[in-house]
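# Structure assessment
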Amino acid sequence: MITVNFSSKVDTEKISQVLTEISKDPMGGWFELPKRVDMAEFARIKEAAKKINDESEYLVCIGIGGSYLGHRALIEALRPRSDTKIIYAGNSLSKRELDHELKRLGDHDFSINVISKSGTTLEPAIAFTEFKKKLIEKYGEEGAYSRIYATTDANKGTLHDEAVANNYTRFVVPDNVGGRYSVLTAVGLLPLAVGGVDIDKLLEGAAEAVDQVIEPASQYAWMRFTLGQRNYDTEVFASFEPSTMYFNEWLKQLFGESEGKNQKGIFPASVIYSTDLHSLGQFMQDGRRNLFETIINFPTDEMNQKVVSAVVKAHTAGNIPVLSIGVSSFDEKGFGELIYFFELSCAISAKLQGVNPFDQPGVEAYKAELKQLL
């Protein structure tokens, strides 16, 4: 169960209105998704994961942003056991990185999970072209196509049409769930299952959170909103477990892309303590007071807990507002709860600031400029 160690007087009428808006939003499909799992699709995901595990030493996950950050965050944090290693590609335009991952595959058996709603986003499109070429060279067209798993739109798009034409195994990116809210759909569940994560327990935790985290999520969102109104315009997510670095990256996308519109929003940053206490610690303690800190307090060893206590005391004394989120367990169930908690908190926060949590018009600006240059 998620707990919070701060209290705020919440405008319950306003929160109720916001929750109604979220539940009725055309992109609010994630809102009760953990309690309404498509069991037929869920069974297909497990079946595909088993096939990949049986025949591949590597799974190449091709995607960018919400198409890879969520499941990478959990695999990196939980470090599950799996004979199939995950390679991440298509999340940059670096040729050096692409060549490195292609070389890393060597002559090993591999499969591809390409994750893209449209199939036209440049970074994953380029990576898919290169890895597909290597797959065809190794297995021939028919053998290669049986090793490609496309997670994409149900009915349309470049990747959908290619998948249908070549008979790739297909999974659906729901129309009513945006990328940064999609980790509990096939977008995240297939690579997580291949990577050894217990996706049953993950969804169990998320399903319980649907009923249990409305109050703490509302408190957290309201506190963020209140701090933002007082010109605290930067939030630093702090974890004390190094393996959660990519979870912080997922949080930064979730909040940054959901809130940063119309010259509004709280800028999301992150640190890993105690490591970053020896690099950013000086700034946190004595720098500009435009930031607040949200500590994600995972159950951990006694020494780390002493560091947590010391940081809270020192930073509070240094006039940093410190919010603390307690996580019940460092396992699939705990992360299922945490994912849903932050998705709901983020949607409420954005609505309170008067912006749409589910679009990202600014992302299209650089795409348009790059298209002109290319």
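A short tour of the structure in this document, coming up. Because the structure is a prediction, the values reported are computed rather than measured.

Between its terminal C-alpha atoms helix H5 (residues 122-145) stretches only 21 Å, short of the 34 Å expected from 24 residues at 1.5 Å a residue. Its maximal kink placed at tyrosine 139, H5 deviates by approximately 115°. Along H5, the residues that are buried comprise Glu123, Pro124, Ala127, Phe128, Phe131, Lys132, Leu135, Ala144 and Tyr145.

Following both chains from N to C, one finds helix H10 (residues 245-259) and helix H13 (residues 332-352) inclined at 20°, their axes separated by 9 Å at the closest point. Taken as axis vectors, H10 and H13 run roughly parallel relative to one another. Note that H10 runs across H13; the crossing there is right-handed. On the side of H10, the interface is formed by Phe247, Trp250, Leu251, Leu254, Phe255, Ser258 and Glu259, while H13 contributes Phe335, Leu338, Ile339, Phe342, Glu343, Cys346, Ser349 and Ala350. Taken together, the residues of the contact of H10 with H13 sort by class into 11 nonpolar, two polar and two charged.

Now for helix H6 (residues 158-166). Turning to H6, its buried residues are Leu159, His160, Glu162 and Ala163. Taken down its axis, H6 places every buried residue within 165° of arc, on the same side. Against strand S4 (110-115), H5, strand S5 (148-152) and strand S6 (169-172) lie the buried residues of H6. Taken from the residues just after H6, asparagine 167 is the one with a positive phi, measuring 60°.

What follows concerns unusual backbone geometry. The residue after tyrosine 273, namely serine 274, is reached through a cis peptide bond having omega 5°. Looking at where serine 274 falls in the secondary structure, it is placed in the loop between strand S8 (267-272) and helix H11 (281-286). Residue arginine 79 is not a glycine yet carries a positive backbone phi of 50°. Mapped onto the elements, arginine 79 comes out in the loop between helix H3 (69-78) and strand S3 (85-89). On the basis of relative accessibility, which here comes to 62%, the residue arginine 79 falls in the exposed class.

On to the side chain of asparagine 113. Relative to the assigned elements, asparagine 113 resides in strand S4. Polar side-chain contacts of asparagine 113 include one of 3.0 Å to the backbone oxygen of tyrosine 149. Residue contacts for asparagine 113: discarding those within four places in its chain leaves Leu59, Val60, Cys61, Ile62, Tyr149, Thr151, Leu190 and Pro191.

With that out of the way, let us pick up the pairing of S3. Among the five residues that make up S3, four are buried, leaving the element largely enclosed by the rest of the structure. With respect to chirality, the unit in which strand S2 (residues 58-62) leads through H3 into the neighbouring parallel S3 is right-handed.

The next subject is the nonpolar core. Counting 79 residues, the largest nonpolar core has Trp30, Phe247, Leu338 and Phe342 as its most contacted members. Examining the composition of this core, we find that 11 residues originate from one element, H13, more than from any other. Apart from the residues within four sequence positions on either side, phenylalanine 247 is in contact with Ala73, Ile296, Phe335, Leu338, Ile339 and Phe342. Grouped together as the second largest cluster of nonpolar side chains are 22 residues, Leu98, Phe131, Ala144 and Leu159 included.

Another point: the sheet that holds S4. The sheet built from five strands is open, its strands ordered S3-S2-S4-S5-S6 with parallel pairing. Lying at the two open borders of the sheet, with one neighbouring strand each, are S3 and S6. Across the sheet, the axes of successive neighbouring strands diverge by a mean angle of 20°, strand direction being ignored. Bridge count for S2 against S4 is five bridges, and the pairing is parallel. The partner of valine 60 across the bridge, within S4, is isoleucine 112. Running at roughly 135° to S6, helix H2 (residues 39-55) makes contact with S2, S4, S5 and S6 of the sheet.

Quick notes on the rules
Per chain, residues are indexed from 1 in the order of the written sequence. Confidence filtering applies because this is a predicted model: local features only for residues at pLDDT of at least 70, side-chain atom pairs given and counted only at 80 or more, and all residues used for totals across whole chains, interfaces and linings. For side-chain calculations, the full set of non-hydrogen atoms in the structure is used, while hydrogens and water are omitted. The helix count covers DSSP runs of H or I at least four residues long, the strand count covers runs of E at least two residues long, and both are numbered beginning at the N terminus. Expected span of a helix: the number of residues minus one, times 1.5 Å. To get the bend at a residue, fit one axis to the 7 residues ending there and another to the 7 starting there, then take the angle between the axes. The classification of residues rests on relative accessible area computed with a 1.4 Å probe and restricted to protein chains. Under 20% of the type maximum is buried, over 50% is exposed, and intermediate values are partly exposed. Helix axes are fitted only over the stretch in contact, all axes being lines through C-alpha atoms; the angle between N-to-C directions runs from 0 to 180 degrees. Convention used here: angles under 35 degrees read as roughly parallel, angles over 145 as roughly antiparallel, angles from 65 to 115 as roughly perpendicular, and any remaining angle as oblique. Less than a right angle of anticlockwise turn of the near helix away from the far helix marks a crossing as left-handed, whereas a clockwise turn marks it as right-handed. The contact criterion used throughout is that any non-hydrogen atoms of two residues lie within 4.5 Å. Gly counts as polar in this scheme, as do all residues outside two lists: the nonpolar Ala, Val, Leu, Ile, Met, Phe, Trp, Tyr, Cys and Pro, and the charged Asp, Glu, Lys and Arg. By definition, the arc is the one covered by directions from the helix axis to the C-beta atoms. Two N or O atoms count as a polar contact when they lie within 3.5 Å, although within protein this holds only if one can serve as hydrogen donor and the other as acceptor, and sequence-adjacent residues are included solely when both atoms are side-chain atoms. Orienting the strands away from the viewer, one traces the path from the first strand over the helix to the second; a clockwise path indicates a right-handed crossover. As used in this record, nonpolar core signifies buried Ala, Val, Leu, Ile, Met, Phe, Trp, Tyr and Cys residues forming a set joined through side-chain atoms within 4.5 Å. Any two strands with at least two DSSP bridges between them are considered paired.

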